[in-house]
Amino acid sequence: MSWIVLVLSGLMEAVWATALGRSEGFSRLTPSIVFAVGLVLSMAGLAFAMRDLPTGTAYAVWVGIGATVTVLFAIVTGAEAVSVLKVLFLAMIIGGVIGLKISG
């Protein structure tokens with residue numbers, strides 16, 4: 001259960017990170033609200049998962065999922081350019097997250 005919650009909270013990290021960028025310094029209401037809700041859900045999920053998982057592993061997985069999904073969303077929406085190196089490095093992050101899961 002902790003791993004499922006951790007993955008979901010990593011996805012929520014991508015939500016709040018994307019909303020933060022779209023809030024234009026908290027000057028836009030809707031993205032600012034999405035940021036706040038996403039942040040609370042993401043942190044709550046991380047805290048829940050850390051009750052059963054080691055702190056370092058949980059945090060690394062949370063950040064890895066959040067960062068990867070944030071970049072992939074930006075690429076899909078055209079906000080960020082795609083390159084072979086970018087895809088390679090994202091694959092390395094994903095490989096690290098999987099490695100942390102199977103080594104624990």
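Our structure is the block above this text.
Procedures and definitions
- Residues numbered from 1 in each chain as written.
- Predicted model: local features only at pLDDT ≥ 70, side-chain atom pairs only at ≥ 80, totals over all residues.
- Heavy atoms only, no water.
- Helix = DSSP H or I, 4+ residues; strand = E, 2+ residues; numbered from the N terminus.
- Rg over C-alpha atoms; globule rule 2.2 N^0.38 Å.
- Contact = heavy atoms within 4.5 Å.
- Lys, Arg positive; Asp, Glu negative; His and termini not counted.
- Charge placed at Lys NZ, Arg CZ, Asp CG, Glu CD.
- Core = buried A, V, L, I, M, F, W, Y, C linked by side-chain atoms within 4.5 Å.
- Buried < 20%, exposed > 50% of the residue type's maximum accessible area, 1.4 Å probe, protein only.
- Expected span 1.5 Å × (residues − 1).

A.B. asks: Kindly report on the overall build of the chain, identifying the contributing residues and their values.
C.D. replies: A tally of helices and strands in the chain yields four helices and zero strands. Helices and strands appear in the chain in the N-to-C order α-α-α-α. Computed over its C-alpha atoms, the radius of gyration of the chain comes to 14 Å, within 12% of the 13 Å expected for a compact globule of 104 residues. Excluding contacts between residues fewer than 6 apart, the proportion of contacts in the chain whose partners are at least 24 apart in sequence is 64%. The positive charge centre, built from 5 side chains, and the negative charge centre, built from 4, are 4 Å apart in the chain.

A.B. asks: Tell me what's going on with the nonpolar core, and back it up with residues and numbers.
C.D. replies: In this structure, Leu 6, Trp 16, Ala 19, Phe 35, Leu 46, Ala 49, Leu 53, Ala 58, Val 61, Trp 62, Ile 65 and Val 97 together form the largest nonpolar core, which totals 12 residues. Looking at this core, the elements that each hand over two or more residues are α1 (2-22), α2 (29-49) and α3 (55-76). When residues of this core are assigned to their parent elements, the largest contribution, four residues, is made by α3. Those residues in contact with Phe 35 that sit more than four places away from it in its chain are Trp 16, Ala 19, Leu 20 and Phe 26.

A.B. asks: Residue-level account of α3, with values.
C.D. replies: With 22 residues, α3 should reach 32 Å at 1.5 Å per residue; the first-to-last C-alpha distance of 31 Å fits that figure. Among all positions in α3, only Thr 57, Ala 58, Val 61, Trp 62, Gly 64, Ile 65, Gly 66, Thr 68, Val 71, Ala 74 and Ile 75 are buried. Phi for Gly 78, located one or two positions after α3, is positive at around 85°.

A.B. asks: Run through unusual backbone geometry, naming residues and quoting values.
C.D. replies: We note that Glu 24 has phi near 50°; this positive angle belongs to a residue other than glycine. With respect to the helices, strands and loops of the structure, Glu 24 is situated in the loop between α1 and α2. Overall, Glu 24 belongs to the exposed group, its relative accessible area being 54%. Non-glycine residue Phe 26 carries a positive phi angle of around 65°. For Phe 26, the position within the fold is in the loop between α1 and α2.

These values are about where atoms sit, not about what they do.
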